[in-house]
Amino acid sequence: MNQFLNRQPRRALFIARWNVVLQKPTFGHARTMADVSFLPGATDALFHAGQQGWQIYLFGNEDQVPDGRQSLEDWLAIDAGILEHLRSHGVQITRSYAATERPGGVPPYDKESVYALPNTGVMHHARQEDGIDLDESWVVANDVLSLVAGWRAGCHTAGVATPRIMQAGNLSVEPELIGLDLGHTLASMGARPPIRRSA
């Protein structure tokens with residue numbers, strides 16, 4: 001029997017790691033923590049969302065690993081550094097998902113992964129393992145693959161600094177909500193207090 005049947009379903013924020021919380025490095029990927037830069041207001045926005053009871057997940061494709069441009073160990077060290085920075089600022093991340101495998105990648109990272117976007121493994125794993133109610137949850141991202149995955153999983157979708165309609169190849173998506181940055185997006189969703197604007 002599912003252990004969550006008798007519990008109140010929980011809502012989640014599935015937040016794309018790059019260009020939402022972190023600035024995408026010009027090199028293409030973070031080589032060390034020195035390349036990791038948190039976008040203005042992102043940590044504060046996550047803190048307030050956590051205080052309001054949202055379960056927070058980070059996710060994304062880390063193609064540099066299956067491409068052979070970075071070792072899995074190096075990526076895991078960076079991911080651990082990101083999570084430690086957030087913890088030190090009072091932000092608890094429920095899980096951090098990173099797709100480090102894909103067909104055509106270098107062995108042993110050349111397998112299909114349910115976590116590789118636009119697959120929906122991230123959201124369904126959270127539902128199964130953590131009792132997340134996907135109908136009440138949001139995917140917040142800056143890219144088509146992440147938002148399409150959220151739509152396919154039955155989540156609400158919010159774009160951060162995106163066009164109204166986004167397209168990549170044969171995939172297209174129209175986010176329900178668009179914000180200037182993570183803080184404004186979460187405020188519009190009611191996932192953090194309203195942003196105070198100067199007069």
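Residues numbered from 1 in each chain as written. Predicted model: local features only at pLDDT ≥ 70, side-chain atom pairs only at ≥ 80, totals over all residues. Heavy atoms only, no water.

Asker: What is the right way to look at the packing of aromatic side chains in this model?
Answerer: Remark: the centre distance and the inter-plane angle together describe each pair of aromatic rings, the angle taken between the planes. All chains considered together, the criterion is met by three aromatic pairs. Taking 6.1 Å as the distance between ring centres and 25° as the angle between the ring planes, the aromatic pair formed by Tyr57 and Tyr97 counts as stacked. Note that Tyr57 is positioned in strand E2 (residues 55-59) and Tyr97 in the loop between strand E3 (95-96) and helix H3 (121-130), a separation of 40 residues in sequence. In this pair, the class of Tyr57 matches that of Tyr97, namely buried. (Phe/Tyr/Trp six-rings, centres within 6.5 Å; stacked < 30°, edge-to-face > 60°. Helix = DSSP H or I, 4+ residues; strand = E, 2+ residues; numbered from the N terminus. Buried < 20%, exposed > 50% of the residue type's maximum accessible area, 1.4 Å probe, protein only.)

Asker: Which parts of the structure should I look at to understand the pattern of salt bridges?
Answerer: It is possible for side chains of opposite charge to pair when their charged atoms get near one another. Under the counting rule described, the total for this entry stands at six salt bridges. Note that Arg31 and Asp35 form a salt bridge whose closest N and O atoms lie 3.1 Å from each other. When its relative accessible area of 44% is taken as the criterion, Arg31 is described as partly exposed. Via salt bridges that share partners, Asp67, Arg69 and Arg102 belong to a single interconnected network. (Salt bridge = Lys/Arg side-chain N within 4 Å of Asp/Glu carboxyl O.)

Asker: Sorry if this is basic, but what is going on with the environment of Asp135 here?
Answerer: One can find Asp135 in the loop between H3 and strand E4 (138-141). Setting aside chain neighbours within four positions, we find Asp135 in contact with Gly154 and His156. (Contact = heavy atoms within 4.5 Å.)

Asker: Got a minute to help me understand the nonpolar core in this structure?
Answerer: Note that soluble globular proteins tend to have their nonpolar side chains buried in a common cluster. Residues Phe14, Ile15, Val21, Met123, Val140 and Leu182 are the most contacted members of the largest nonpolar core, which totals 58 residues. By residue number, the principal contributor to this core is helix H2 (residues 72-88), which donates six residues. (Core = buried A, V, L, I, M, F, W, Y, C linked by side-chain atoms within 4.5 Å.)

Asker: I'm lost on the packing of helix H1 (residues 42-51) against helix H5 (residues 182-189) in this one. Help?
Answerer: To characterise two packed helices, one gives the angle between the axes of the helices and the distance between these axes. Running from N to C, H1 and H5 point in directions that differ by 25°, and their axes come no closer than 8 Å. On the basis of their axis angle, the class for H1 and H5 is roughly parallel. Of H5, the residues touching H1 (which contributes Ala42, Ala45, Leu46 and Ala49) are Leu182, Gly183 and Leu186. Residues belonging to the contact of H1 with H5 are distributed by class as follows: six nonpolar, one polar and no charged. (Axes fitted to C-alpha atoms, helices over the stretch in contact; angles between N-to-C directions. Parallel < 35°, antiparallel > 145°, perpendicular 65-115°, else oblique. Nonpolar A, V, L, I, M, F, W, Y, C, P; charged D, E, K, R; others polar.)

Asker: Please explain the pairing of E4 as it appears in this structure.
Answerer: Judged by which residues are buried, E4 turns out to be covered on both faces: Trp138 and Val140 on one side and Val139 and Ala141 on the other are all buried. Examined bridge by bridge, strand E1 (residues 12-16) and E4 share three bridges and lie parallel to one another. Along E4, the bridge assignment pairs Leu13 with Trp138. One ladder, built from four bridges, connects E4 with strand E5 (residues 156-160); its direction is parallel. Of the residues in E5, the one forming a bridge with Trp138 is His156. (Pairing = 2+ DSSP bridges.)

Asker: Just checking my understanding: could you explain H1 for this structure?
Answerer: In an α-helix, one full turn covers 3.6 residues, which means residues spaced three or four apart are oriented alike. Residues of H1 that are buried: Ala42, Thr43, Ala45, Leu46 and Ala49. Here the buried residues of H1 occupy an arc of 160° about the axis, which is enough to place them on one side. As for H1, its buried residues are in contact with E1, E2, H2 and H5. (Arc of directions from axis to C-beta.)

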